[in-house]
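Read off the chains here:
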Amino acid sequence: QRVGDQPASQFTSVKHNIPLYSLENAFNSEELAKWETRWQRQLKAIPEFTYVCELKIDGSAIALTYENGILVRGATRGDGITGEEITQNIKTIRTIPLKLNIDHPPSRVEVRGEAFLPLDVFEGINQERTKLGEALFANPRNAAAGTLRQLDSKIVAQRKLNLFAYTLHIDDGANEDIKYQWDSLELLQEMGFLVNPNRKLCQSLAEVEAYFEEWDIGRKNLPYMTDGVVVKLNDYQLQQKLGFTQKFPRWAIALKYPAEEAPTIVKEIIVNVGRTGAVTPMAVMQPVQLAGTTVQRATLHNGDRVAELDIRIGDTVIIRKAGEIIPEVVQVLTELRPSGTVPYKMPTNCPECNSILVRPQNEAVTRCVNSSCPAILRGSIIHWASRNAVDIRGLGERIAILLIENNLVQSVADLYSLTVEQIANLDRMGTKSAENLVRAIAESKNQTYDRILFGLGIRYVGRVNANILASNFPSIEDLSQASFESIEAIYGIG
Ligand code: IVH
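I will try to describe carefully the structure that is included in this document.

**Here's the deal with the packing of helix H1 (residues 29-41) against helix H7 (residues 205-218)**
Next, step 1: Packing of H1 against H7 leaves a shortest axis separation of 11 Å and a crossing angle of 145°. In this structure, H1 meets H7 at a crossing whose hand is right-handed. Judged by residue contacts, Ser29, Leu32, Ala33 and Glu36 of H1 engage Leu205, Val208 and Glu209 from H7.
Next, step 2: Across the contact of H1 with H7, the residue classes tally to four nonpolar, one polar and two charged.

See below:
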């Protein structure tokens, strides 16, 4: 019952019934205290409350749907709004019940949790991959996410994925019987899920911090990776009153353990021009192992930051990496600086098109404003074709560069008049791959309007705002006629 016979050829996208929100991060006591003040200020009077502390498991969030007690769907988080249907793979996780262990199951139940690989399994997989000469997984989270998206559920079954359940949504009003997160966790356990036993009910932030300290030591002996503590208001009524921002619940926060840091040496300083023309200085460094991955580039953010750090080629620097964030240079060890170095000067001209860079007053970002700069065009095409935009499979950085270098596209619109012959003539392309690409481009015309809006790469129109705009203005014509007031009046924009 747990392993399907046929490997899937691809996954289908599914819209989540309830979005999967992310969590705001706090990195110290002050940030945690600010969060408490913030949620309390939002209420008329400070209520009685308790916090539930849970370990933050470093894995991949998934959503499970049960109808009349039977598991009918498992999906990845995706971008929180749509994910991929991976029911067949989910079923291979033995700690996920195929049938809820309760007498009168509600008609519909959604369970969320973190799928993860135990550390020993992760290391075993990498040892096996070393033997087979395959690329290694950088960390257990990547290995878990990669495993969930395996097309062959037999492989998934071998990988010993596991799941800690932490959220319970019941659809048909039965929710009213459960008033606390703590009780949800107990009920999830009764239903047959694995719930992390290291949870704690806390009366104050002081108790939360004690728990955080305790597990900073304790986590080193856990068989799975933990990168922080999730603090949630226990009372569902309070949760409901506080609601959500565009990205986060206001009633929960992740208190993170400090990011990993490592020293290395700067070999070069380069600038990268993004799709908005923003020029980002980057340090190219001697490769160093950090939080499970090999790092050789770190962002220097902008010209002000470069000046503040006074970073120079040859410097020994401390770099830091937290979660999925791009690594950054946090400190220059000037006492180790070799003699004869010179301060780095930000370029005055675009490294790609040579036009003069501009930096608007009161802005930290330097930009290339030449609309035909190849770097901007390249970035726009990659963004347009990306998974959350119109999702053109096979159109990544390499092809985008080839198309631009060969003068085949001057804008995103030009993609739609490319022919098989034109593409087949490009380096390392053939008729078959050219046909596939032309088909993928044609299919992208059927994408929904919110994805197209996102794909256009308008500043301030990310995935969330594109969705909100698309559901408030039924067509692109309506949107182009929209007044300031009608956009301002939309809930979620303001
Ligand atoms: S609660 C609205 N609880 O952390 C509630 N998340 O950084 C949001 N995570 O996307 C999630 N352990 O993948 C929650 N005990 C836990 C968690 C947890 C790990 C992950 C989850 C989430 C991410 C946010």
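Read on for the rest.
**Considering the site of the ligand**
Next, step 1: Around the ligand, the structure places 13 residues, and the nearest of them are Glu54, Lys56, Ile57, Glu114 and Lys232.
Next, step 2: Note that a nitrogen atom of the ligand is positioned 2.8 Å from one of the side-chain N or O atoms of Glu54.
Next, step 3: At a separation of 3.2 Å, an oxygen atom of the ligand approaches a polar side-chain atom of Lys56.
Next, step 4: Contact with the protein chains removes 87% of the 530 Å² of surface that the ligand exposes when unbound.
Next, step 5: Elements with a contribution of two residues or more to the shell around the ligand: strand S3 (51-57) and strand S10 (226-233).
Next, step 6: With four residues, the single largest contributor to the shell around the ligand is S3.
Next, step 7: Partitioned by chemical class, the residues of the shell around the ligand number eight nonpolar, no polar and five charged.

**Observations regarding the environment of Val266**
Next, step 1: Positionally, Val266 belongs in strand S12 (residues 260-273).
Next, step 2: Distance in space between the C-alpha atoms of Val266 and Val412 is 36 Å, their sequence separation being 146 residues.
Next, step 3: Setting aside chain neighbours within four positions, we find Val266 in contact with Ala283, Val284, Met285, Ile311, Arg312, Ile313, Gly314, Asp315 and Val317.

**Overview of the packing of helix H10 (residues 374-385) against helix H11 (residues 397-405)**
Next, step 1: It is at 9 Å that the axes of H10 and H11 come closest, and there the two elements cross at 135°. The orientation of H10 relative to H11 falls into the category oblique. The interaxial crossing formed by H10 with H11 has right-handed handedness. Contacts between H10 and H11 involve Pro374, Leu377, Arg378, Ile381 and Ile382 on the former and, on the latter, Glu397, Ala400, Ile401 and Ile404.
Next, step 2: Classifying every residue of the contact of H10 with H11 gives seven nonpolar, no polar and two charged.

**Looking at the nonpolar core**
Next, step 1: Core analysis: the biggest nonpolar cluster contains 36 residues, and Ile62, Leu64, Tyr66, Ile90, Ile96, Val111 and Phe193 have the highest contact counts within it.
Next, step 2: Setting aside anything within four residues of it in sequence, one finds Phe193 in contact with Leu64, Tyr66, Thr95, Ile96, Pro97, Leu100, Val111, Ala165 and Leu188.
Next, step 3: Judged by nonpolar contacts, the second largest core, of 29 residues, contains Tyr51, Ile57, Leu242 and Ala252.

**Considering a nonpolar patch on the surface**
Next, step 1: On the surface, Leu456, Ile458 and Ile476 cluster together to form a nonpolar patch covering roughly 250 Å² of accessible area.
Next, step 2: Assignment of secondary structure puts Leu456 in the loop between helix H14 (449-455) and helix H15 (463-472).

**Quick word on the pattern of salt bridges**
Next, step 1: With the rule as written, the count across this model stands at 21 salt bridges.
Next, step 2: For Arg337, the salt bridge is made with Asp310, and the minimal N-O distance between the two is 3.3 Å. Linking Arg337 in the loop between strand S16 (328-332) and strand S17 (366-367) with Asp310 in the loop between helix H9 (303-309) and strand S15 (316-321), this pair joins segments that are 27 residues apart in sequence.
Next, step 3: Accessibility expressed as a relative area gives 24% for Asp310, which makes it partly exposed.

**Re the sheet that holds strand S2 (residues 25-26)**
Next, step 1: Across the sheet, five strands lie side by side as S2-S11-S10-S3-S9; this open sheet has mixed pairing. Edge strands, defined here as strands with exactly one partner in the open sheet, are S2 and strand S9 (200-202).
Next, step 2: With three bridges connecting them, S3 and S9 associate as antiparallel partners. Following the sheet pairing, Val52 is matched in S9 by Leu201.
Next, step 3: Running over the sheet, H1 touches S2, S3, S10 and strand S11 (252-256) and is turned about 175° from S11.
Next, step 4: Strands S3, S9 and S10 of the sheet are contacted by helix H6 (residues 181-191), whose axis makes an angle of about 50° with S3.

**Overview of the pairing of strand S13 (residues 278-290)**
Next, step 1: In this structure, S12 lies alongside S13, joined through seven bridges in antiparallel fashion. Note on S13: the bridge partner recorded for Glu268 is Val284.
Next, step 2: Between S12 and S13, which pair antiparallel and follow one another directly, the connecting turn spans four residues, one of which, Gly277, has a positive phi of 85°.
Next, step 3: Of the strand pairs in this sheet, S13 and S17 are connected by two bridges, and their pairing is antiparallel. Looking at the pairing, Ala278 lines up with Arg367 of S17.

What counts and what doesn't
- Residues numbered from 1 in each chain as written.
- Predicted model: local features only at pLDDT ≥ 70, side-chain atom pairs only at ≥ 80, totals over all residues.
- Heavy atoms only, no water.
- Axes fitted to C-alpha atoms, helices over the stretch in contact; angles between N-to-C directions.
- Helix = DSSP H or I, 4+ residues; strand = E, 2+ residues; numbered from the N terminus.
- Left-handed = near helix turned anticlockwise from the far one by under 90°.
- Contact = heavy atoms within 4.5 Å.
- Nonpolar A, V, L, I, M, F, W, Y, C, P; charged D, E, K, R; others polar.
- Near = heavy atom within 4 Å.
- Polar contact = N/O pair within 3.5 Å; in protein donor to acceptor, adjacent residues only side chain to side chain.
- Areas by Shrake-Rupley, 256 points an atom, 1.4 Å probe, with all protein chains shown as cover.
- Parallel < 35°, antiparallel > 145°, perpendicular 65-115°, else oblique.
- Core = buried A, V, L, I, M, F, W, Y, C linked by side-chain atoms within 4.5 Å.
- Buried < 20%, exposed > 50% of the residue type's maximum accessible area, 1.4 Å probe, protein only.
- Patch = residues over 30% accessible without salt bridge, like charges linked within 9 Å, V, L, I, M, F, W, Y side chains within 5 Å.
- Salt bridge = Lys/Arg side-chain N within 4 Å of Asp/Glu carboxyl O.
- Pairing = 2+ DSSP bridges.

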